[in-house]
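Understanding the architecture of this molecule
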Amino acid sequence: MNGESSEKTSDKEDANSPVCVGREEDIKRLQRTTVTVHGREVLVLYHDGRFYAMDCRCYHAGGPLHLGEIEDINGQPCIICPWHKYKIILATGEGLYQAVNPREPSVTPKWQSKGVKQRTHCITVDNGNVYVTLSDLADDIDSDYYAEKYKNTVHYPIKK
Ligand code: FES
C-alpha cells in the first residue's frame, strides 16, 4: 500500500466517523439546528419525538431547508423548501410531487415519489449527546451538488 491510498482510506474513514453535534436536551428544545459534519452542512431536526438529519441545501437549487416548514403528507413528515416549495420526506429524503393518473376516473391528484433526492444522515443519541454519521457518499444523490458547492461555508444561525 502506498502513502496516497492509505491517506484516502483514512479520509474515507474520517468522513464515516460520527460527530457530536450537541446535547439532546438542547436540540429537542430548539427543534432544529444546522451543523457542520466533516465540512458538510447538515440540518438536524427534532420533530414529533424523533431526530432527523439531512443535507441542509435543497436538491433543487440549493434552498435553505432549515427555514422550511414541516408538514405531514400522507402521514409522513416532510420539509417544505422555502424557495420553490418542493416537498421532501424527512426520514428518506424522497422528493414528492402531485400527479393525476389519466387512466383513473378520479381527477384528484395523488402524491408520488420522485425517489431519493435529498441525502439523509444517521442520527444516534448516546449519554445525552447527539451524533451525526454521514451516509455512504459513494452513490450520487441530487443534493450532493449543493452540499459540495456550500462545503465549509458558515451555516446560518438559528435563533429561537
Ligand atoms: Fe428548494 Fe427550489 S431550491 S424548491
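Residues numbered from 1 in each chain as written. Predicted model: local features only at pLDDT ≥ 70, side-chain atom pairs only at ≥ 80, totals over all residues. Heavy atoms only, no water.

The description of an aromatic ring pair rests on the distance of the ring centres and on the angle between the ring planes. Using the criterion set out here, one finds three aromatic pairs in the structure. Geometrically, the ring pair formed by Tyr46 and Phe51 is tilted, given 4.8 Å between the ring centres and 55 degrees between the ring planes. As far as the burial class goes, Tyr46 and Phe51 line up, both buried. Consider the rings of Tyr59 and Tyr86, whose centres lie 5.7 Å apart with planes at 50 degrees: the pair is tilted. Highlighted residues: Tyr59 in the loop between strand E4 (50–55) and strand E5 (69–73) and Tyr86 in the loop between strand E6 (76–80) and strand E7 (87–89), separated in sequence by 27 residues. Judged by relative accessible area, which is 9%, Tyr59 ranks as buried. The residue whose ring lies beneath Arg57 is Tyr150, and the NZ or CZ to ring-centre distance is 3.7 Å. Sitting over the ring of Tyr86, Lys114 keeps its end group 4.0 Å from the ring centre. (Phe/Tyr/Trp six-rings, centres within 6.5 Å; stacked < 30°, edge-to-face > 60°. Buried < 20%, exposed > 50% of the residue type's maximum accessible area, 1.4 Å probe, protein only. Helix = DSSP H or I, 4+ residues; strand = E, 2+ residues; numbered from the N terminus. Lys NZ or Arg CZ within 6 Å of the ring centre and 35° of its normal.)

Before going further, it helps to spend a moment on the sheet that holds strand E11 (residues 129–133). In spatial order, the strands read E1-E11-E10; together these three strands make up an open sheet with antiparallel pairing. Unpaired on one side and paired on the other, strand E1 (19–23) and strand E10 (122–126) mark the two borders of the sheet. The mean angle between the axes of side-by-side strands here comes to 30 degrees, regardless of whether they run parallel or antiparallel. (Pairing = 2+ DSSP bridges. Axes fitted to C-alpha atoms, helices over the stretch in contact; angles between N-to-C directions.)

What follows covers the pattern of salt bridges. In this structure the tally under the stated criterion is eight salt bridges. Arg57 is the partner of Glu41 in a salt bridge, and the nearest nitrogen-oxygen pair spans 2.9 Å. Of this pair, Glu41 sits in strand E3 (residues 40–47) while Arg57 sits in the loop between E4 and E5, and the two are 16 residues apart along the sequence. For the pair formed by Glu41 and Arg57, the shared burial category is buried. (Salt bridge = Lys/Arg side-chain N within 4 Å of Asp/Glu carboxyl O.)

Turning to the sheet that holds strand E2 (residues 32–37), a few remarks are in order. Strand order in the open sheet formed by three strands is E2-E3-E4, and the pairing between neighbours is antiparallel. With partners counted over all chains shown, the strands left at the sheet margins are E2 and E4, one partner each. On average, each strand axis in the sheet is tilted by 25 degrees relative to the strand beside it, whichever way the strands run. Across six bridges, the pairing between E2 and E3 is antiparallel. Within E3, the residue paired with Val35 across the bridge is Val42.

Attention now moves to the nonpolar core. With 13 residues, the main nonpolar core has Val21, Val37, Val42, Val44, Ile123 and Val132 as its most contacted residues. Counting residues per element, the ones that place at least two in this core are E2, E3, E4 and E11. In terms of residues, this core owes the most to one element, E3, which gives three residues. Setting aside residues up to four positions removed in sequence, Val42 forms contacts with Thr33, Thr34, Val35, Val37, Ala53, Met54, Cys56, His121, Val132 and Leu134. Listed in part, the twelve residues of the second largest apolar core include Leu43, Tyr52, Cys56 and Cys58. (Core = buried A, V, L, I, M, F, W, Y, C linked by side-chain atoms within 4.5 Å. Contact = heavy atoms within 4.5 Å.)

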